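Remarks on the overall topology
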Amino acid sequence: MDWIISDELGLTVGHIVGWGAAGAMIIGGVAPYIPQYRQIKRTQDAEGFSLYVCLTLLIANTLRILFWFGKRYELPLLIQSIVMNITMFVMIHICVTVRKKSQIIRARERIFTDQPDETARWLEQHSGPPSGEKPHRFYDMDRKYFWAWTDFQSYVDCMLVFSVIGAAVTYLLIEFGPFVELIGFMAVFTEAMLGAPQIAKNHQNKSTEGMSLSMVIMWTCGDVFKTAYFVMREAPSQFWVCGSLQVALDVVILFQYFVFQVWVYRRDTAAARRARRGD
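The present account deals with the structure reproduced in this document. None of the values given here were measured: they were computed from a predicted structure.

Here we look at the overall build of the chain
Summing up its helical and strand segments, the chain has 11 helices and two strands in all. Each helix and strand of the chain, ordered N terminal to C terminal, gives the series α-α-α-α-α-β-α-β-α-α-α-α-α. Across the 279 residues in the chain, those meeting the buried criterion constitute 37%. Taking the intrachain contacts of the chain between residues at least 6 apart in sequence as the baseline, contacts between residues at least 24 apart amount to 76%. As displayed, the chain has an accessible area near 17,100 Å², and 64% of this comes from carbon and sulfur atoms.

Notes on unusual backbone geometry
If you check the backbone angles, Trp147 has positive phi at about 60 degrees while not being a glycine. Tracing the backbone shows Trp147 in the loop between strand S2 (136–137) and helix H7 (152–173). Among the residues examined, Trp147 registers a relative accessible area of 2% and is labelled buried.

Overview of the state of the cysteines
In a disulfide, the sulfur atoms of two cysteines are held together by a covalent bond. If you walk through the whole model with that rule in mind, you get zero disulfides. With no disulfide of its own, Cys54 lies closest to Cys95 among cysteine sulfurs, the gap being 6.2 Å.

Digging into the environment of Met84
Secondary-structure assignment places Met84 in helix H5 (residues 75–101). Exposure remark for Met84: the relative accessible area of 6% places this residue in the buried category. The spacing of Met84 and Leu57 is 27 residues in sequence and 7.6 Å in space, taken between C-alpha atoms. Setting aside anything within four residues of it in sequence, one finds Met84 in contact with Gly29, Val30, Tyr33, Leu57 and Asn61.

Looking at the pattern of salt bridges
Evaluation of the coordinates by the stated rule reveals four salt bridges. Notably, a salt bridge pairs Glu181 with Lys71, separated by 3.1 Å at the nearest N-O pair. With Glu181 in helix H8 (residues 177–192) and Lys71 in the loop between helix H4 (51–70) and H5, this pair connects stretches of sequence that are 110 residues apart. Judged by relative accessible area, Glu181 falls into the partly exposed class, the value being 29%. A salt bridge links Asp223 to Lys226; the nearest nitrogen and oxygen atoms lie 3.6 Å apart. Remark: Lys226 and Asp223 occur in helix H10 (residues 213–232); sequence separation between them is three residues, near one turn of the helix.

Observations regarding empty space enclosed by the protein
All told, the structure shown has one cavity of 30 Å³ or more when counted by the stated rule. As a volume, the largest cavity reaches approximately 50 Å³. Lining the largest cavity we find Arg64, Val188, Glu191, Ala192, Lys226, Phe230, Phe239, Cys242, Gly243 and Gln246. Only H8, H10 and helix H11 (237–277) provide two or more residues apiece to the lining of the largest cavity. The greatest single-element share of the lining of the largest cavity, amounting to four residues, is contributed by H11.

Notes on the side chain of Gln80
With respect to the secondary-structure elements, Gln80 resides in helix H5. Side-chain polar atoms of Gln80 contact the side chain of Arg64, separated by 2.6 Å. Not counting the four nearest positions on each side in its chain, Gln80 is found in contact with Met25, Ile26 and Arg64.

Topic: the packing of H4 against H8
Between H4 and H8, whose axes approach to 8 Å, the crossing angle comes to 155 degrees. Comparing their axes, H8 and H4 come out roughly antiparallel. The handedness of the crossing between H4 and H8 is left-handed. In this structure, H4 contributes Thr56, Leu57, Ala60, Leu63, Arg64, Leu66, Phe67 and Gly70 to the contact, and H8 contributes Val180, Glu181, Ile183, Gly184, Met186, Ala187, Thr190 and Glu191. Residue composition of the contact of H4 with H8, by class: nine nonpolar, four polar and three charged.

Here's the deal with the packing of H4 against H5
Interaxial distance between H4 and H5 falls to 9 Å at its minimum, and their mutual angle equals 155 degrees. Judged by the angle between their axes, H4 and H5 are roughly antiparallel. When you trace H4 past H5, the crossing you get is left-handed.

What counts and how
- Per chain, the residues get numbers from 1 upward, laid out in the order the sequence is written.
- This being a predicted model, a pLDDT of at least 70 is required before a residue's local features are given, and a value of 80 or more before pairs of side-chain atoms are given or counted; all residues contribute to the totals for chains, interfaces and linings.
- Hydrogens and water are ignored here; the side-chain numbers use all heavy atoms of the structure.
- Runs of E in the DSSP output that reach at least two residues are strands. Runs of H or I that reach at least four are helices, and both are numbered from the N terminus.
- Any residue under 20% of the maximum accessible area for its type is buried, any over 50% is exposed, and the rest in between are partly exposed; the area is computed with a 1.4 Å probe on protein chains only.
- Whether two residues are in contact is decided by their heavy atoms: any pair within 4.5 Å suffices.
- Note on areas: these come from Shrake-Rupley sampling with a 1.4 Å probe, and a residue is covered only by the protein chains present in the view.
- We call a pair of cysteine sulfur atoms a disulfide when they lie within 2.5 Å.
- What makes a salt bridge here is a side-chain nitrogen of Lys or Arg within 4 Å of a carboxyl oxygen of Asp or Glu, nothing more.
- The distinction between a cavity and a pocket rests on a 1 Å grid over the protein atoms alone: a 1.4 Å probe fits inside a cavity but cannot get out, while a pocket stays open yet meets protein on both sides within 12 Å along at least five of seven lines, and a residue with an atom within 4 Å of a point counts as lining.
- Grid points are joined across faces, edges and corners, and a volume is the space filled by probe spheres set on the points.
- Identification of polar contacts relies on pairs of N or O atoms within 3.5 Å, with a donor-acceptor requirement for protein atoms, meaning one able to donate a hydrogen and the other able to accept it, and with residues adjacent in sequence counted only if both atoms are side-chain atoms.
- In this analysis, axes come from line fits to C-alpha atoms, helices being fitted only over the stretch in contact, and the angle between any two N-to-C directions falls in the range 0 to 180 degrees.
- Roughly parallel means an angle under 35 degrees; roughly antiparallel means over 145; roughly perpendicular covers 65 to 115; every other angle is labelled oblique.
- The crossing is said to be left-handed when, going from far helix to near helix, the turn is anticlockwise and less than a right angle, and right-handed when the turn is clockwise.
- Three classes are used, and their members are as follows: Ala, Val, Leu, Ile, Met, Phe, Trp, Tyr, Cys and Pro are nonpolar, Asp, Glu, Lys and Arg are charged, and the others, Gly among them, are polar.

This is how it looks when you write it as structure tokens:
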């Protein structure tokens, strides 16, 4: 039967496995954000999700898309970048909407463009901005308001500006090999460093309290699969090198979890013994 299917449709087990792996690559990166989106929508609380995750992934995947024009890699990886960018904008939209609607006291607007979006205008009509205050804008050059805007359109406009500038530079230097390779490296390196802030936070707090072990294990398994896919499909070297870095950071986070858990256990055990002795 297998050889009949192979002859008539040109299908083999290798083809089916390859398609399955490609589908897993496209959907696997988006899947972790589905429960996060549902939780934000259900609880109407977006404070636990950092928009800097969205910024990092938007930059990384936009650079990866630009890299494709200079050095063609597998189509599923290109589709994955497009799908991830759409997903990040969906996450930004739900976060901005929930945060604005949960405001008790009307705060000063923080926007990238000249005018707030429809949500901001709706809130202005119902609550009114503080008298005489103008919104914070990007060209005020106050870094604490960057990527902390209060309207969704500002995030879209910021990424449009980044994409247009990146596309223009890529168009001018696309024949220059080192520049193309640099784009590819920056794309995957940016994504690979997503775990670095978590490592720094764990080290600073000397604890992994509030961090889900199962989530980190899922990250590690996903990154191992992704890196193996890059190697097996002979993706550009930037992909598997930075994929390996991402796995290494995941392992460091897992190591921190077990080290701090053991340290906390020993500390609590020693405290309990001292308490029993009456020290």
